[in-house]
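# Per-entry structural report
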Amino acid sequence: QDFQSSDDAIGTTTVLNPENYTLKLNDDGTYNFRADCNVGSGMYTLDGESLTLLPGFMTLAFCPDQSLADAYLQHLASV
């Protein structure tokens, strides 16, 4: 729905199409995500409340200027 930027000057960003930004953790230790016009997958580990997303594969389509794909991917990379 929204996310808080690590840069306090930017503040909270509302996501207008949250269905375009998803993350699904599968029972087999894989994950799938959608970042607007791109999709990807990889492996994850869960240790208690600690989630680690390991790098995987992603399409490299060019998203429109108003897309939040880059910001979403930066947040995923920090998990």
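Residues numbered from 1 in each chain as written. Predicted model: local features only at pLDDT ≥ 70, side-chain atom pairs only at ≥ 80, totals over all residues. Heavy atoms only, no water.

### Quick look at the overall build of the protein chain
Helix and strand content of the protein chain: one helix and seven strands. The linear arrangement of helices and strands in the protein chain, starting from the amino end, is β-β-β-β-β-β-β-α. Taken over the C-alpha atoms alone, the protein chain extends approximately 35 × 30 × 20 Å along its principal axes. The 79 residues of the protein chain split such that 30% are buried. Of the contacts formed within the protein chain by residues at least 6 apart in sequence, a portion of 32% connects residues at least 24 apart. (Helix = DSSP H or I, 4+ residues; strand = E, 2+ residues; numbered from the N terminus. Buried < 20%, exposed > 50% of the residue type's maximum accessible area, 1.4 Å probe, protein only. Contact = heavy atoms within 4.5 Å.)

### Section: the nonpolar core
Counting residues in hydrophobic clusters, the biggest one holds 13 residues, and the most contacted among them are Tyr31, Phe33, Ala35, Leu53, Tyr72, Leu73 and Leu76. Of all the elements, helix H1 (residues 69-77) adds the most residues to this core, at four residues. Apart from the residues within four sequence positions on either side, Phe33 is in contact with Thr22, Leu23, Asn38, Val39, Gly40, Ser41, Phe57, Met58, Leu73 and Leu76. (Core = buried A, V, L, I, M, F, W, Y, C linked by side-chain atoms within 4.5 Å.)

### Looking at the environment of Asp65
Within the secondary structure, Asp65 sits in the loop between strand E7 (57-58) and H1. The exposure class assigned to Asp65 is exposed, which follows from its relative accessible area of 76%. Sequence separation between Asp65 and Ala35 is 30 residues, and the spatial gap between their C-alpha atoms is 14 Å.

### A word on the pairing of strand E5 (residues 38-47)
Here strand E4 (residues 30-35) runs beside E5; their pairing, made up of six bridges, is antiparallel. Paired with Arg34 across the strands is Val39, a residue of E5. Here E4 folds back onto E5 in antiparallel fashion, the turn holding two residues, of which Asp36 has a positive phi close to 60 degrees. In this sheet, E7 lies alongside E5 in antiparallel orientation, the contact comprising two bridges. Bridge pairing in E7 places Gly40 opposite Met58. Bridge count for E5 against strand E6 (residues 50-53) is four bridges, and the pairing is antiparallel. (Pairing = 2+ DSSP bridges.)

### Points about the environment of Tyr31
Summarising the element assignment, Tyr31 is placed in strand E4. For Tyr31, a relative accessible area of 6% corresponds to the buried category. For the pair Tyr31 and Ala77, spaced 46 residues apart in sequence, the C-alpha separation works out to 13 Å. Polar side-chain contacts of Tyr31 include one of 2.8 Å to the backbone oxygen of Leu54. (Polar contact = N/O pair within 3.5 Å; in protein donor to acceptor, adjacent residues only side chain to side chain.)

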